[in-house]
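Single-letter residue listing:
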Amino acid sequence: SKMKNTLFIILCFFLISCSNLYKANKAYERGDYVQNVELTFKYFDEKPENFKKLKEKKKMEINNKFSNIFEYYKKLKNSEDLVDRNNANIELFKIYIVSDNNEYSREFQAERDFLASNNIKDIFNLALKTNKELFLQYSGVNGDHSYALKVINHTLNMENSIDEVMQSKTNLDTNKMELYRNFKREIAKHRADGYIALAKVEEE
C-alpha cells in the first residue's frame, strides 16, 4: 500500500539522517570541529564498507571540511586573545589524538598533512603552556578564582580524549601507552598545582 511505502521511505530517511556522517555535518555547521572529526571517523569505524562505498565527490567534500577546520585553528592559534589560543591548542590536541589513532585519517590529504606537520608532544606542551598563562591571569589576589578553576579544568577535555583512545584501541604500542600516561600525569600535576596555588591565595 501507498501508506506503507511512504512510512518505509520516511524510516529510511530517518536512519540515514541519524548516521554519524549526518551528525558530523551538523557538528561542522555548529562550529563544533572536534566532534566533526570524531563522528566522521566513527562513521567509518562502524562499517568499513561505508568507506569503501564513499564516492570521490563525497571524499573530497569531507577532505575540504577537514582542510577548513585546520585553517580555522591556524588563525585561532595566532589570535590576540589567549582564551582563543588556548582553546585552539586543546582542541587540536583532541583532533590529533583521534586522527593519529584512526586507520581512515590518512586517506584524507588534509589529515595526512596535519599529522605529518605536527607533533603530539608539541601540541600537548603548547596547550598546557597557554592554559598555565591563562590560569595565572585569573589566579592572583584580585583574580576571578572560579574562572581560574574553569581554566585548569578545561584540560580534562584532553584527558578524556586520551582515555577514550586508551579504552577503545586495545592494541596501542607500549611507547604510545607510556606517552599517553605521561600526558595524564602532567595534566593531573598541572591541575593539582593550580588548586594549591589558588588555596594559598585564598588563605592570604
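Here, every reference points to the structure presented above.
Now for a description of the structure that goes with this document. (Residues numbered from 1 in each chain as written. Predicted model: local features only at pLDDT ≥ 70, side-chain atom pairs only at ≥ 80, totals over all residues. Heavy atoms only, no water.)

1. As for the overall build of the protein chain
Along the protein chain, the regular secondary structure elements total eleven helices and zero strands. Counting helices and strands in the order they occur from the N terminus, the protein chain gives α-α-α-α-α-α-α-α-α-α-α. Taken along the three principal axes of its C-alpha coordinates, the protein chain extends 80 × 40 × 30 Å. Looking at the protein chain residue by residue over its 204 residues, the buried ones come to 41%. Restricting to contacts in the protein chain with at least 6 residues of sequence separation, those with at least 24 account for 66%. Split by element, the accessible area of the protein chain, about 12,400 Å² in all, is 53% carbon and sulfur. Across the protein chain, the 33 positively charged side chains and the 31 negatively charged ones have centroids separated by 7 Å. (Helix = DSSP H or I, 4+ residues; strand = E, 2+ residues; numbered from the N terminus. Buried < 20%, exposed > 50% of the residue type's maximum accessible area, 1.4 Å probe, protein only. Contact = heavy atoms within 4.5 Å. Areas by Shrake-Rupley, 256 points an atom, 1.4 Å probe, with all protein chains shown as cover. Lys, Arg positive; Asp, Glu negative; His and termini not counted. Charge placed at Lys NZ, Arg CZ, Asp CG, Glu CD.)

2. A look at the packing of helix α6 (residues 82-100) against helix α8 (residues 120-138)
Close contact between α6 and α8 brings their axes to 9 Å; oriented N to C, the two are set at 150°. Compared by their axis directions, α6 and α8 come out roughly antiparallel. Pair α6 / α8 crosses with left-handed handedness. Residue-level contacts link L82, V83, R85, N86, N89, I90, L92, F93, Y96 and I97 of α6 to I120, I123, F124, L126, A127, T130, N131, E133, L134 and Q137 of α8. Taken together, the residues of the contact of α6 with α8 sort by class into 13 nonpolar, five polar and two charged. (Axes fitted to C-alpha atoms, helices over the stretch in contact; angles between N-to-C directions. Parallel < 35°, antiparallel > 145°, perpendicular 65-115°, else oblique. Left-handed = near helix turned anticlockwise from the far one by under 90°. Nonpolar A, V, L, I, M, F, W, Y, C, P; charged D, E, K, R; others polar.)

3. With respect to the pattern of salt bridges
In the structure shown here, the tally under the stated rule is eleven salt bridges. Between D100 and K176 there is a salt bridge, with the nearest N and O atoms lying 3.2 Å from each other. Pair noted here: D100 is in helix α6 and K176 is in helix α11 (residues 174-203), with a separation of 76 residues, a long-range link. Considered together, D100 and K176 belong to a single accessibility category, that of buried residues. Measuring nitrogen to oxygen at the nearest pair gives 2.5 Å for the salt bridge that ties D163 to K184. In this pair, D163 sits in helix α10 (residues 156-168) while K184 sits in helix α11, placing the two residues 21 residues apart along the sequence. You can call K184 partly exposed: its relative accessible area is 24%. Each of D100, R106 and K176 takes part in salt bridges that share partners, so that together they form one network. (Salt bridge = Lys/Arg side-chain N within 4 Å of Asp/Glu carboxyl O.)

4. A few points about the side chain of N89
Among the secondary structure elements, N89 is positioned in helix α6. The contacts of N89, once residues within four sequence positions are left out, are K77, I123, L126, A127 and T130.

5. Examining helix α7 (residues 109-117)
Side chains of residues three or four places apart in an α-helix project in the same direction, reflecting 3.6 residues per turn. If you check which residues of α7 are buried, you get A110, E111, F114 and L115. Within α7, the buried residues cover an arc of 125° as seen down the axis, which keeps them to one side. Among the exposed residues of α7, those pointing more than 90 degrees away from its buried face are A116 and S117. Next to the buried residues of α7 lie α3 (33-46), α5 (56-77), α6 and α8. (Arc of directions from axis to C-beta.)

6. A look at the environment of F124
You can see F124 is positioned in helix α8. C-alpha separation for the pair F124 and M158, spaced 34 residues apart in sequence, amounts to 8.7 Å. Ignoring any residue separated from it by four or fewer positions in sequence, one finds F124 in contact with F93, M158, F183, E186 and I187.

7. Comments concerning the environment of K129
By the secondary structure assignment, K129 is in helix α8. Remark: the alpha-carbon pair of K129 and M177, spanning 48 residues in sequence, is separated by 23 Å.

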